[in-house]
Amino acid sequence: MHESARSLKVAAWLGWQIESNWTEPFLFLTYSILKPVASALILVFMYLVISQGNFNNPLFAYIYVGNAFFIYVGAVLLGVSNTIVDDREHYGMLKYIYVSPIQVYFYLLGRGMAKTMTATIAVVITLAFGAIALGVRPDFFTIDWPLLIITLTVGLAGLGFMGILLAGILLITARHNDIVGEAVAGALYLLCGAVFPISVMPDWLQWAGRAIPITYWLEGLRRALLGTELVQKLHTGLEDFSTPTILLILLGSTLLAILLSIGFYRWCERRAKEKGLIDMQTMY
Amino acid sequence: MILFLRTVLGRAYPRLIGIQREKSWLIFGVFLPLLGVSAYVFIYKALKSPPEFVGFVILGGAMTAYWLNVLWSMATQFYWEKETGNLQLYLMAPTSRMAILMGMAFGGLVSTSIRAAAILIVGSLIFSVHFTVVSWWQLILVFLFTMVALYGLGMLFSSLFLLFGREAWHLSSLLQEPIYFLSGFYFPIKSLGYWVSIGASIVPITLGLDAMRQLVMPSAKWGFLSVDEELGILLVMSIVFVFVAHRALLYMENLARREGRLTIRGQ
């Protein structure tokens, strides 16, 4: 237990250094602000040209909040899984990590924690920009804080463990390592209805979306911030799910992700050691 | 001159042959942008927008392939070469560096065009978008000038990035979403207002995309400048960017040599 906590802490510190020390603090701050704000502005202008400047439609807040929180998906999921690619291919350090007194499973989660920190900066900036410049200002007193905190925490944990699953796949594959993560994030962006209600998609895509826990995570966060009634009125394709049901699905899927990630990563690790893949450098 | 052309072809060769050797890249190259394009199309559908906006997104989505190619396979290319230890071999080779950059650009342009065309065709089929070309010769000229200017900009970036270490990756990453926004990849650039649009036009794809949209979706009426004006500006940009890239390459190479940054790896 002590070793797990130490691995987590050291990896989170290392991850933060890698994420932030490539430049001066000012440039890092600019980078942290520009990327998420520009992503949000794309949606804002897409909305603006159609709505002629009317920001009062609750659909806008629904789109905006979903986009802001989706930043976590790319960052945490890929932050955990891409550690394998970075440490093995780029820095050539994975083999040293494996021979050091550290638990790699927790090391990966720790690296994901560092990404969570940088993503949190981006999410807060995006939400603050929405509140200040665009009027996406959830009422502080009507926000469902317990729902927000529980949904956010459980969802982030779930993303971390899903990242471990992806890391396992990357550990035993030689090619397309960068692309696999992007493909997963891209598919989730579409299927989970990060920036639109899933009800606008064809039925078969809606069912695919309903099979992914992140869809419920985003729905829970939107309900917590914007109000359950308002979100349900938009007929997003999830209006028949009560908030406790959404929480239950989220909890269940996170527990499943924990169990699967432990078993699957162990299997991948053993296979990688057998095949000599831990220090593989493909230059692919 | 022959050596110059041979270098161009020699550097373009791995990029052209790469399409043959690793066909899965083509699948990912089409599949990945289509996911993003589809998401943006569904936003417009949720907003009940006029159908031409779906066309805007698909054309913009196809053009993202070029911008990504310029960022990741032109601008950061010398950084990757430095990391893999190839850069010093390039610099020792008895040939023009400009020819190497042009080869990279030519190879990248051809392979990316296959991807962009596939995105355009598949996207149009999935979302039933019909394009009506007003003038083929203008469309071809706009595309050619946009590409020359864009890859000229890529060559300029490539020489600037010669000095960078890890920040090259982050800076390329930083030039994605902000340029998607400023160049109006998913919405008409005109909506940004006159002066912001003028500023954003420093990236050739901004005017190129706007002109192409006017030429293939004439009913949309969202053009920023007239096609002729945009053509003229793109022509000037093509000449200027290639010339400046040439000068910058000489300067940055000398600077990198003096500061000993050409062989630093894992920075």
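As shown above, the structure is provided for reference.
Residues numbered from 1 in each chain as written. Chains lettered and ligands numbered in written order. Predicted model: local features only at pLDDT ≥ 70, side-chain atom pairs only at ≥ 80, totals over all residues. Heavy atoms only, no water.

Q: Help me understand the overall build of chain B, please; the structure alone is not making it clear to me.
A: Tallying secondary structure elements over chain B gives 12 helices and 0 strands in all. Along chain B, helices (α) and strands (β) appear in the sequence α-α-α-α-α-α-α-α-α-α-α-α when read from the amino end. Its C-alpha atoms give chain B a radius of gyration of 19 Å, within 12% of the compact-globule value 18 Å for 267 residues. For chain B, the spread of C-alpha atoms along the principal axes amounts to about 55 × 40 × 35 Å. In chain B, 82% of the contacts between residues at least 6 apart in sequence involve partners at least 24 apart. Approximately 11400 Å² of chain B is accessible, and the part contributed by carbon and sulfur atoms is 71%. For chain B, the centre of its 19 positive side-chain charges and the centre of its 12 negative side-chain charges are spaced 7 Å apart. (Helix = DSSP H or I, 4+ residues; strand = E, 2+ residues; numbered from the N terminus. Rg over C-alpha atoms; globule rule 2.2 N^0.38 Å. Contact = heavy atoms within 4.5 Å. Areas by Shrake-Rupley, 256 points an atom, 1.4 Å probe, with all protein chains shown as cover. Lys, Arg positive; Asp, Glu negative; His and termini not counted. Charge placed at Lys NZ, Arg CZ, Asp CG, Glu CD.)

Q: Looking at this structure, I do not really get empty space enclosed by the protein. What am I missing?
A: Vacant regions in the atomic arrangement are exposed by a probe of water-molecule size rolled over the atoms. All names here are of chain B. By the definition in use, this model includes 2 cavities of 30 Å³ or more. What the largest cavity holds in volume is close to 50 Å³. Lining the largest cavity are Phe-78, Leu-87, Tyr-90, Leu-91, Arg-97, Ile-100, Leu-162, Leu-249 and Glu-253. If you list the elements that add at least two residues to the lining of the largest cavity, you get α5 (87–92), α6 (97–126) and α12 (227–258). Class assignment for the residues of the lining of the largest cavity results in 7 nonpolar, no polar and 2 charged. (1 Å grid on protein atoms, 1.4 Å probe; cavity = no way out; pocket = protein on both sides within 12 Å on 5 of 7 lines; lining within 4 Å. Points joined across faces, edges and corners; volume = space filled by probe spheres on them. Nonpolar A, V, L, I, M, F, W, Y, C, P; charged D, E, K, R; others polar.)

Q: Quick question: what am I supposed to make of unusual backbone geometry here?
A: Negative phi characterises most residues that are not glycine, and trans characterises most peptide bonds. At A:His235, a position not held by glycine, the phi torsion is positive, near 50°. Even without being glycine, B:Ser128 reaches a positive phi, approximately 50°. In this structure, B:Ser128 sits in the loop between α6 and α7 (136–160).

Q: Please explain the environment of A:Ile33 as it appears in this structure.
A: All names here are of chain A. Among the structural elements, Ile-33 can be located in helix α2 (residues 25–51). For Ile-33, a relative accessible area of 34% corresponds to the partly exposed category. When the C-alpha positions of Ile-33 and Thr-126 are compared, they lie 8.1 Å apart, and in sequence the two are 93 residues distant. (Buried < 20%, exposed > 50% of the residue type's maximum accessible area, 1.4 Å probe, protein only.)

Q: Teacher, can you tell me more about helix α5 (residues 104–133) of chain A here?
A: Two residues of an α-helix separated by three or four positions point the same way, owing to the 3.6 residues in each turn. For α5(A), built from 30 residues, the straight-helix expectation of 44 Å at 1.5 Å per residue is met to within 8% by its first-to-last C-alpha distance of 43 Å. Downstream of α5(A) by a residue or two, A:Gly135 has a phi angle that is positive, lying close to 75°. (Expected span 1.5 Å × (residues − 1).)

Q: What's the story with the pattern of salt bridges in this structure? I'm lost.
A: If charged atoms from side chains of opposite charge come close, those side chains can pair. Residues and elements named next belong to chain A. Tallied over the entire structure, the rule returns 4 salt bridges over all chains. Here Arg-223 and Glu-219 are joined by a salt bridge, their closest N and O atoms 3.2 Å apart. Linking Arg-223 with Glu-219, this pair stays in helix α9 (residues 213–226), spanning 4 residues, or about one helical turn. Relative accessible area serves as the criterion here: at 0%, Glu-219 is assigned to the buried category. (Salt bridge = Lys/Arg side-chain N within 4 Å of Asp/Glu carboxyl O.)

Q: When you look at the packing of helix α6 (residues 145–171) of chain A against α9(A) in this model, what are you seeing that I'm missing?
A: Each pair of packed helices can be described by the angle between their axes along with the distance between the axes. Residue and element names in this part refer to chain A. Where α6 contacts α9, the two axes come as close as 9 Å, and the packing angle between them is 160°. Regarding the angle of α6 to α9, the classification is roughly antiparallel. α6 and α9 meet at a crossing whose hand is left-handed. Seen from α6, the contacting residues are Leu-147, Leu-148, Thr-151, Leu-152, Gly-155, Leu-156, Leu-159 and Met-162; seen from α9, they are Ile-214, Trp-217, Gly-220, Leu-221, Arg-223, Ala-224 and Leu-225. For the contact of α6 with α9, the per-class residue count stands at 11 nonpolar, 3 polar and 1 charged. (Axes fitted to C-alpha atoms, helices over the stretch in contact; angles between N-to-C directions. Parallel < 35°, antiparallel > 145°, perpendicular 65-115°, else oblique. Left-handed = near helix turned anticlockwise from the far one by under 90°.)

These figures capture arrangement, not role.
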